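The primary structure of each chain is shown beneath.
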Amino acid sequence: MRKWTIPLVLFLLCLIFLVPDQGRKMHANAEADSDAPVDPPKVEEKFGAVPNGLSTDSDVAKREAESMSRKTLRANAEKFEFQAEVSRLMDILINSLYSNKDIFLRELISNASDALDKIRFLALTDKEVLGEGDSTKLEIQIKLDKDKKIISIRDRGVGMTKEDLRKNLGTIAKSGTSAFVEKMQTSGDLNLIGQFGVGFYSVYLVADYVEVISKHNDDKQYVWESKADGAFAISEDTWNEPLGRGTEIRLHLRDEAGEYADEYKLKELVKKYSEFINFPINLWASKEVEKEVPADEDESIDEEETSESTSEEEEEEEDVEKAEDEKKPKTKKVKETTYEWELLNDVKAIWLRNPKEVTDEEYTKFYHSLAKDFSDDKPMAWSHFNAEGDVEFKAVLFIPPKAPHDLYESYYNTKQSNLKLYVRRVFISDEFNELLPKYLNFLMGLVDSDTLPLNVSREMLQQHHSLKTIKKKLIRKALDMIRKLAEEDPDESNDKKDVEESNDENEKKGQYAKFWNEFGKSIKLGIIEDATNRNRLAKLLRFETTKSDGKTSLDQYISRMKSSQKDIFYITGASKEQLEKSPFLERLNKKDYEVIFFTDPVDEYLMQYLMDYEDKKFQNVSKEGLKLKDSKTKELKESFKGLTKWWKNTLASDNVEDVKISSRLADTPCVVVTSKYGWSAYMEKIMHSQTLSDASKQAYMRGKRVLEINPRHPIIKELRERVVNDPEDENVKLTAKLIYQTALMESGFELSDPKDFASHIYSSVKSSLNISPDAAVEEEEEEAEEPETETKAEDSATEESEVKDEL
């Protein structure tokens, strides 16, 4: 024992000295580390580009929690006020009672598709803008958090800078907002929202708080947020996952919009509205799968107990199976929920398919997706074709069911195009005015060319020689489509039969009349602008006549012309009712000639370009040049030669070029016609009504006026007798001038001096009532005015007495 005592004592002494020293070292290290900065714990080193993006800083966590739960704007964000029109629009949407709130998703997907189109176009000339890795995947992703009722829509498009967020989501430079609000007040159709460029604000139909996280290649990642209370905030994003590039929109659903926190509902909306979007749309969807897991021993024992009731033969078989199973590990199948990206729009681009394989329903859906018009109306017609040859391209053209609200506003000043241009399935632009002429800008469609170059600027592409060939073929196909629409309409047939029509004919019935009411003015503008296709366009014209019940065509008019008739007769004016009473038609109606009524202001310009059709010239019946056979014309001219010469001299001050015997009148004493190439009376009114018209510059275009008299009318006969008896009689001259002014008004002209005309009428009335021409108007008796001070004194005294009575 003694021999172990000394070593044991020495060991204990060493241990006593070592322990305090180690403690002092640990204390010193702790003091040294207390001054050094503590790195926040991170999930992964150097992950992402946002500073402290994945830190566990308590302030960041607190701000995020406040934002997610209370839905309040972050305290450190920069606050802005919405534009007044945007606030008005949002107020309508927030308080909307409309049932169709589904449109919010289609609008966000449509905007995401536009952003992806932009980055793909930029990548044609600079591939580095796409970045690397997942950023190169041009797709749209939708995620749903059922517990928090949050829908996220993400794209890897061009993204937005801080300034873009402020401008694009806080103000609207165009008049789209006010135009949409006006349309909403009249029709109440929310489906129109995408056509006015204000689709983003449809989010407030279902959400009471919205976050827009966006990263542009030229800026940092920012968050735009708003509760739609008249303000929004923008702040640098230091807490969300780095996007790399693109935009993510988070919708915090309202309580009453809980139906959208459902995967099946979102799938249904994408299938209904966004099936033909040209980028993959993926949904983070749940899926139940069966999985084999090791079985518990208790469960295997229970299975053995349940098998005791089997027969002997079955027992023998089971013994064999058990012997085999004993060699394998015991497992069981259980259902497990997993999540994965599910592609929702796997339909092939419709223009790449064979037209015979595409159904009418698919064409209608594609039109709605293309035009952002999701009403129940089908397009009137469509044309799907492939062009081969020197220039190869595929195209789909649609005639919309209704004309856009601003189709003819600033027609010559706007650069509006509804045709999308693709090159080898890559979207290039929807602003190519060179693909279709302006008068066909109402057509919706898409052109995909394999011939045009990809890696050139838009300006160089506009000058490419292939565009002219594409344009020529598109115009021909478009006009063929419109012509076919007319040919297939039973109402357009010359020989209409009262027989039972098929369902297909019933659908096509009245379609061309509908087209003409919506887009007829475009056809007229085409005749003015497109000399090459003028004859084709003229076949599409429709108008009313003195014989037609409804609209008729030029071909139908010619088929009803008299054998001796060489010209196509027409007249212009404000309305059919007014023109039917025109004196210019009297003789033509008696001789059973058909006259066309042109009642649209653009018709006056149209007839300056449409000079003839099918070797028949046009003749305005209110102008010189109308020739109707009359056997006694020469005799009448000689008989009234003195009157016409005298009348011309009498009206010299009124710029009347000539007075002639008329062959177009039956019951009216006289009319005023203009020269063949001058303005008609209706054209003069149109030009005078122009805001910036210059009367001095228009004088040379004003037609020379000719007074045509009816030699068979009793007034004209009597006037001739009076002139023969006394050509210097002032009363006769006054009557002749009055007759001319009356004819001027009846012919549709404006009087240069209405006061002079009125005074002549009053003088004539005096004469018929046997009132002396010198009879004066009785003067009003002047009443003595009472002093103002006395009146005021009386009024004050009356007021005082009334107050005393009340007291």
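If you're wondering where the values come from, they're calculated on a predicted model, not measured in any experiment.

**Let's talk about the nonpolar core**
Grouped together as the largest cluster of nonpolar side chains are 78 residues, with contacts concentrated most on Phe 393, Ile 399, Phe 442, Leu 474, Phe 515, Leu 588 and Val 621. Ranked by residues supplied to this core, first place goes to helix H12 (residues 466–487) with ten residues. If near-sequence neighbours (up to four positions away) are discounted, Ile 399 is found in contact with Pro 379, Met 380, Ala 381, Phe 442, Leu 443, Met 481, Ile 482, Leu 485, Phe 515 and Phe 519. Membership of the second largest hydrophobic core comes to 53 residues, among which are Ile 119, Ile 151, Phe 200 and Tyr 204.

**Quick word on the pairing of strand E11 (residues 393–399)**
With six of its seven residues buried, E11 lies for the most part within the structure. With seven bridges joining them, strand E10 (residues 381–387) and E11 adopt antiparallel strand pairing. Bridging across to E11, His 384 finds its partner in Val 396. Where E10 hands over to E11, the hairpin turn is made up of five residues, of which Gly 389 adopts a positive phi near 130°.

**Quick word on the confidence of the model for the protein**
Per-residue pLDDT for the protein has a mean of 78; in total, 73% of the residues score no lower than 70. Here residues 63–70 scores under 50 on pLDDT; set against residues more than four positions off or in separate chains, the count is 19 contacts. Considering only residues more than four positions removed or in separate chains, one finds that residues 173–177, a stretch of pLDDT under 50, has seven contacts.

**Concerning a nonpolar patch on the surface**
There is a patch of nonpolar side chains on the surface, built from Val 765, Leu 769 and Ile 771 and spanning about 250 Å² of accessible area. Val 765 sits in the partly exposed class, given a relative accessible area of 39%.

**Points about the packing of helix H4 (residues 103–123) against helix H7 (residues 263–273)**
Here H4 crosses H7 at 65°, and the two axes come no closer than 9 Å. The two elements H4 and H7 cross, and the hand of that crossing is right-handed. Where H4 abuts H7, its residues Phe 104, Leu 105, Arg 106 and Ile 109 lie against Leu 266, Leu 269, Val 270 and Tyr 273. Residues that form the contact of H4 with H7 fall into these classes: seven nonpolar, no polar and one charged.

**Re the side chain of Arg 250**
For Arg 250, the position within the fold is in strand E7 (residues 246–253). Reaching out from Arg 250, the side chain makes a polar contact with the side chain of Glu 248 at a distance of 3.3 Å.

**Observations regarding a positive patch on the surface**
Positive charge collects at one region of the surface, where Lys 566, Lys 617, Lys 627, Lys 629 and Lys 676 lie side by side. Structurally, the position occupied by Lys 566 is in the loop between helix H16 (554–559) and strand E16 (567–572).

**Some words on the packing of aromatic side chains**
Describing an aromatic ring pair means giving the distance of the ring centres and the angle of the ring planes. Considering all chains together, one arrives at 19 aromatic pairs under this definition. Here a set of aromatic residues connected by ring pairs shows up, and it is made of Trp 351, Tyr 363, Phe 366, Tyr 367, Trp 382, Phe 398 and Tyr 422. The residue whose ring lies beneath Lys 143 is Trp 284, and the NZ or CZ to ring-centre distance is 5.2 Å.

How each quantity is defined
Residues numbered from 1 in each chain as written. Predicted model: local features only at pLDDT ≥ 70, side-chain atom pairs only at ≥ 80, totals over all residues. Heavy atoms only, no water. Core = buried A, V, L, I, M, F, W, Y, C linked by side-chain atoms within 4.5 Å. Buried < 20%, exposed > 50% of the residue type's maximum accessible area, 1.4 Å probe, protein only. Helix = DSSP H or I, 4+ residues; strand = E, 2+ residues; numbered from the N terminus. Contact = heavy atoms within 4.5 Å. Pairing = 2+ DSSP bridges. pLDDT = per-residue confidence, 0-100. Patch = residues over 30% accessible without salt bridge, like charges linked within 9 Å, V, L, I, M, F, W, Y side chains within 5 Å. Areas by Shrake-Rupley, 256 points an atom, 1.4 Å probe, with all protein chains shown as cover. Salt bridge = Lys/Arg side-chain N within 4 Å of Asp/Glu carboxyl O. Axes fitted to C-alpha atoms, helices over the stretch in contact; angles between N-to-C directions. Left-handed = near helix turned anticlockwise from the far one by under 90°. Nonpolar A, V, L, I, M, F, W, Y, C, P; charged D, E, K, R; others polar. Polar contact = N/O pair within 3.5 Å; in protein donor to acceptor, adjacent residues only side chain to side chain. Lys, Arg positive; Asp, Glu negative; His and termini not counted. Charge placed at Lys NZ, Arg CZ, Asp CG, Glu CD. Phe/Tyr/Trp six-rings, centres within 6.5 Å; stacked < 30°, edge-to-face > 60°. Lys NZ or Arg CZ within 6 Å of the ring centre and 35° of its normal.

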